[in-house]
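# Architecture and fold: a report
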Amino acid sequence: MEGVRPGGGLPASGPGSGSGSGSGSFPSLFPPGLHGIYGECRRLYPDQPNPLQVTAILKYWLGGPDPLDYVSMYRNLGNPALNVPEHWHYVSFGLSDLYGDNRVHEFTGTDGPSGFGFELTFRLKRETGESAPPTWPAELMQGLARYVFQSENTFCSGDHVSWHSPLDNSESRIQHMLLTEDPQMQPVQTPFGVVTFLQIVGVCTEELHAAQQWNGQGILELLRTVPLAGGPWLITDMRRGETIFEIDPHLQERVDKGIETDGSNLSGVSAKCAWDDLSRPPEDDEDSRSICIGTQPRRLSGKDTEQIRETLRRGLEINSKPVLPPINAQRQNGLNLDRAPSRKDSLESESSAAIIPHELIRTRQLESVHLKFNQESGALLPLCLRGRLLHGRHFTYKSITGDTAITFVSTGVEGAFATEEHPYAAHGPWLQILLTEEFVERMLEDLEDLNSPEEFKLPKEYSWPEKKLKVSILPDAVFDNPLH
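Residues numbered from 1 in each chain as written. Predicted model: local features only at pLDDT ≥ 70, side-chain atom pairs only at ≥ 80, totals over all residues. Heavy atoms only, no water.

## Considerations on helix α2 (residues 136-151)
- Here α2 is 16 residues long and its end C-alpha atoms lie 23 Å apart, about the 22 Å a rise of 1.5 Å per residue gives.
- For α2, a buried count of 13 out of 16 residues is recorded, marking the element as mostly surrounded by other parts of the structure.
- Residue Glu 152 follows α2 closely and has a positive phi angle near 65°. (Helix = DSSP H or I, 4+ residues; strand = E, 2+ residues; numbered from the N terminus. Expected span 1.5 Å × (residues − 1). Buried < 20%, exposed > 50% of the residue type's maximum accessible area, 1.4 Å probe, protein only.)

## A look at helix α10 (residues 437-446)
- For α10, the complete set of buried residues consists of Phe 439, Val 440, Met 443 and Leu 444. Taken end-on, α10 shows its buried residues confined to a sector of 140°, consistent with a single buried face. Set apart from the buried face of α10 by more than 90 degrees, the exposed residues are Glu 438 and Glu 445.
- Looking at the packing, one finds that the buried side of α10 touches α9 (381-388), β18 (460-464) and β19 (469-474). (Arc of directions from axis to C-beta. Contact = heavy atoms within 4.5 Å.)

## A closer look at the packing of aromatic side chains
- Going through the model one piece at a time under the given rule, you end up with 13 aromatic pairs.
- When the centroid spacing of 5.8 Å and the interplanar angle of 50° are considered together, the rings of Tyr 38 and Phe 93 count as tilted. With Tyr 38 in helix α1 (residues 32-44) and Phe 93 in strand β4 (residues 87-93), this pair connects stretches of sequence that are 55 residues apart. In this pair, the class of Tyr 38 matches that of Phe 93, namely buried.
- Residues Phe 122 and Trp 136 carry aromatic rings whose centres are separated by 5.8 Å and whose planes lie at 70° to one another, so their mutual orientation is edge-to-face. One end of the pair, Phe 122, is in strand β5 (residues 118-125); the other, Trp 136, is in helix α2, and 14 residues separate them in sequence.
- With a relative accessible area of 0%, Phe 122 lands in the buried category.
- Among the aromatic side chains, those forming a connected cluster through ring pairs are Phe 373, Phe 395, Tyr 397 and Phe 408. (Phe/Tyr/Trp six-rings, centres within 6.5 Å; stacked < 30°, edge-to-face > 60°.)

## Focus: the pairing of β19
- Within β19, 5 of the 6 residues are buried, which leaves the element mostly enclosed by the surrounding structure.
- Relative to β19, strand β13 (residues 369-374) runs parallel, the two being bridged by 6 bridges. Bridge assignment links Phe 373 to a residue of β19, and that residue is Ile 473.
- The sheet contact formed by β18 and β19 spans 5 bridges and is antiparallel. Residue Lys 460 lies in a different strand from β19, and its bridge partner there is Ile 473. (Pairing = 2+ DSSP bridges.)

So this is what it looks like as structure tokens:
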């Protein structure tokens, strides 16, 4: 991407200019989908008709790697009276359908307009003496856009993204993101549908974990109450050295109470995981539909893929009815939370066509299973048990390296094929495990050291022989090299 000030960037004369276009319209040379977005930007920044822009040199529809056409960067003077500092306001163009020629990826089987219907924004605190905005936020937004285009998963307010690296490649503690509605930019109507604006908010690791264990909206509300951590406009300060819990220790009490009362709204993650069926010897290939490291996995049928996609749908709302969706659920393009956006890990893999016809895959009851996770995925097991199952919900791990899926369900979840009589059940490579509340409480005690993963060495094994269940926490290399 390169920074430019294109002569024909934003219409210099604003609404009402242009010949023969009518009052309140832009010149006809601008694609109709851009008018509404331009107008909203001009409403907020009437004195900045031609802001600095960062644009993709080779456009996406011409084979370039960057889905966003460009990112406009505005200087917001802030408001001392409201304790809002000066900052840069970044607005992306390209995720929604702006042109009406379907050059933006179109969902298969949808009747609505093409495009994703939203644009990304970002507010970055302006450093003293800084005269021009840094361009790294545009690269960050391009990374998120690539994830959206590759996975076809849309973002929603309250979602969170694990980035695991300082957003600006510095030594900053701001290494992850939450997403929320832009507090100033309102949804706009275009000829191709409504476009909403989702703001990226940089957060620390501790704040991300709190969002996972509770919910993103709750943490965003806390950030709004702390001027140093974002304030009402949720401005990201890359030099912030303290978490909101260090700034105000009482906020941790609010999070703990929220977790106890509400549980977690994180319904699943993409992960490095696998499972073995210990009910039969590995060489028994008569009905080998479990996933074993070192063996060729069976692939999920299209219908199973859709059910798992629905299982991981949103996570934004706390389930009022803990029901696993039916196998014949219609396609949903929900977000699978907590994924590294630089990796293509859509729930619908390119190879997930029904190699084994769905109707021919019978559900198998297993006597004994062995679950395998890498350290990052294993660290989420306490969240899965305490924040989801103890609240009568379900939690799914979907492998990023294959079609494996592991769904934990509680006794209150309807629609599961695992039952109290047969708590371990598999449908192709999709394993469901039903855990009673009593067993969950015991597992939480035994897995307590997962809350401090830096204190133990890999591999780490947990076993409950009477339940015929084993869990191993393994190095990443085991999953990166299946033949290892």
